[in-house]
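Listed here are the chains, written in short residue letters.
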Amino acid sequence: MIDFHAHLDLYPDPASVVREVVERGMYVLSVTTTPSAWKGTSALVGPGARIRTALGLHPQLAHLRSGELPLFDEYLNESMYVGEIGLDGAPDYKRYWQTQVAVFDHILKACQSAGGRIMSIHSRRASAAVLDHLEGNSEAGTPILHWFSGSKRELERAVALGCWFSVGPAMLVAEKSRGLVRDMPTERVLTETDGPFAQIDGVAAKPWDAHRATEGLAELWGMSISDADRLLHANLRRLVGTGSMAS
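My aim in this report is to walk through the structure given alongside it, one point at a time.

Rules behind the numbers
Once a new chain begins, its residue numbering starts again from 1 and follows that chain's sequence as written. Totals for whole chains, interfaces and linings use every residue, but because this is a predicted model, local features are given only for residues with pLDDT of at least 70 and side-chain atom pairs only at 80 or more, for both listing and counting. Hydrogens and water molecules were not included; the side-chain quantities draw on all heavy atoms of the structure. Only DSSP runs of H or I with at least four residues qualify as helices, and only runs of E with at least two residues qualify as strands; both kinds are numbered from the N terminus onward. Every radius of gyration here is taken over C-alpha atoms, with the globule rule written as 2.2 Å times N^0.38, N being the number of residues. Think of it in three bands: residues with accessible area under 20% of the maximum for their type are buried, residues over 50% are exposed, and the middle band is partly exposed, with areas taken using a 1.4 Å probe on protein chains only. Note on contacts: a residue pair is in contact if any heavy atoms of the two residues lie within 4.5 Å. Calculation of accessible area relied on Shrake-Rupley with a 1.4 Å probe; when residues are assessed, cover is drawn exclusively from the protein chains displayed. What counts as an axis is a line fitted to C-alpha atoms, over the stretch in contact for a helix, and the angles between N-to-C directions run from 0 to 180 degrees. Angles are sorted into four bins: roughly parallel if under 35 degrees, roughly antiparallel if over 145, roughly perpendicular if 65 to 115, and oblique for all others. Charged means Asp, Glu, Lys or Arg here, nonpolar means Ala, Val, Leu, Ile, Met, Phe, Trp, Tyr, Cys or Pro, and polar covers whatever is left, Gly included. Counted as a polar contact is a pair of N or O atoms within 3.5 Å, where, for protein atoms, one must be capable of donating a hydrogen and the other of accepting one, and residues adjacent in sequence contribute only when both atoms are in side chains. Put simply, two rings from Phe, Tyr or Trp (the six-membered ring, in Trp's case) pair if the centres are within 6.5 Å, and we call them stacked under 30 degrees between planes, edge-to-face over 60, tilted for the rest. Put simply, buried Ala, Val, Leu, Ile, Met, Phe, Trp, Tyr and Cys residues joined by side-chain atoms within 4.5 Å make one nonpolar core.

Thoughts on the overall build of the chain
Helix and strand counts for the chain come out as 11 helices and 10 strands. The C-alpha atoms of the chain give a radius of gyration of 17 Å, which matches the 18 Å a tight globule of 247 residues would have. The principal-axis extents of the C-alpha atoms in the chain amount to approximately 45 × 40 × 35 Å. By the burial criterion, 55% of the 247 residues in the chain qualify as buried. A separation of at least 24 residues holds for 68% of the contacts in the chain among residues at least 6 apart in sequence. Carbon and sulfur atoms provide 49% of the accessible area of the chain, an area that totals close to 10400 Å².

Some details on the packing of helix 9 (residues 175-183) against helix 10 (residues 210-221)
Helix 10 packs onto helix 9 with a crossing angle of 70 degrees between their chain directions and a minimal axis gap of 10 Å. Considering the angle they form, helix 9 stands roughly perpendicular to helix 10. Of the residues in helix 10, those touching helix 9 at Arg-178, Val-181 and Arg-182 are Leu-217, Glu-219 and Leu-220. Tallied by class, the residues present in the contact of helix 9 with helix 10 amount to 3 nonpolar, no polar and 3 charged.

A short note on the side chain of Gln-100
One can find Gln-100 in helix 6 (residues 97-113). One polar contact links the side chain of Gln-100 to the main-chain carbonyl oxygen of Tyr-93, over a distance of 3.0 Å. Excluding anything up to four places from it in sequence, Gln-100 contacts Pro-59, Ala-62, Gly-86, Leu-87, Asp-88 and Tyr-93.

Some remarks on the packing of aromatic side chains
By the definition in use, this model includes 2 aromatic pairs. When the ring of Phe-148 is compared with that of Phe-165, the centres are 5.9 Å apart and the planes differ by 70 degrees; the resulting orientation is edge-to-face. Remark: Phe-165 occurs in strand 7 (residues 164-167) and Phe-148 occurs in the loop between strand 6 (141-146) and helix 8 (152-160); sequence separation between them is 17 residues. Accessibility assignment for this pair places Phe-148 and Phe-165 in one class, buried.

Points about the nonpolar core
Ranked by internal contacts, the top residues of the largest apolar core, which has 61 residues, are Phe-4, Ile-107, Met-119, Leu-134, Leu-145 and Met-184. At 8 residues, the largest contribution of residues to this core is made by helix 6. Among all residues touching Leu-134, those that are not within four sequence positions of it are Phe-104, Leu-108, Met-119, Ile-121, Pro-143, Leu-145 and Cys-163. Formed by 12 residues, the second largest nonpolar core is a distinct cluster that contains Ala-6, Leu-8, Val-17 and Val-21.

In structure tokens form, the structure reads like this:
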């Protein structure tokens, strides 16, 4: 199983979640919301685990934590994965838009200067602006749009820009989001949960709930669950390369 966007450090008992992830042999991208959380979150992972910790600064925290950008720059050379980053256009955060944009732009330019990173990107109610910034920083790396909820036209633009997509169980419920997922290139899709923020049946999603996304994708793609699982793992290997997360 693959969970390419989970907040392991934000579970009530992160160590127990990490243990179960390791026992299940899962591949997990553990995203962070602030640069100051990266070291501690990285320390949750023991040697040999198929877990990578991404260095992030969440757009909803940009106005509170923009002062941590020097810390982001300091740690960037230690991580090939960056996230959660991006922009959020929801009413509660739109008032901090200029700070969000400044933070996102700084991070993309830093990634570009560092030779590119694999980036897990938040784009709630901000898809067009996120794509504008990705287009303006085309050497920043490989963008994976987490829980993409833009329009069909924005999806087409994202595909043309080379974006990937991480899809969780919650995206496979409503017909609008199912339609978006159906139009995503199958060779650029990975599964995620966004746990513990996303919920399944009223309970915080765990990384191993990613199997529900695999099952939902299999149905949309008209293939068996085992074939969908093989395709997703082939996608992961192609994204990160052999000898890395998917080895």
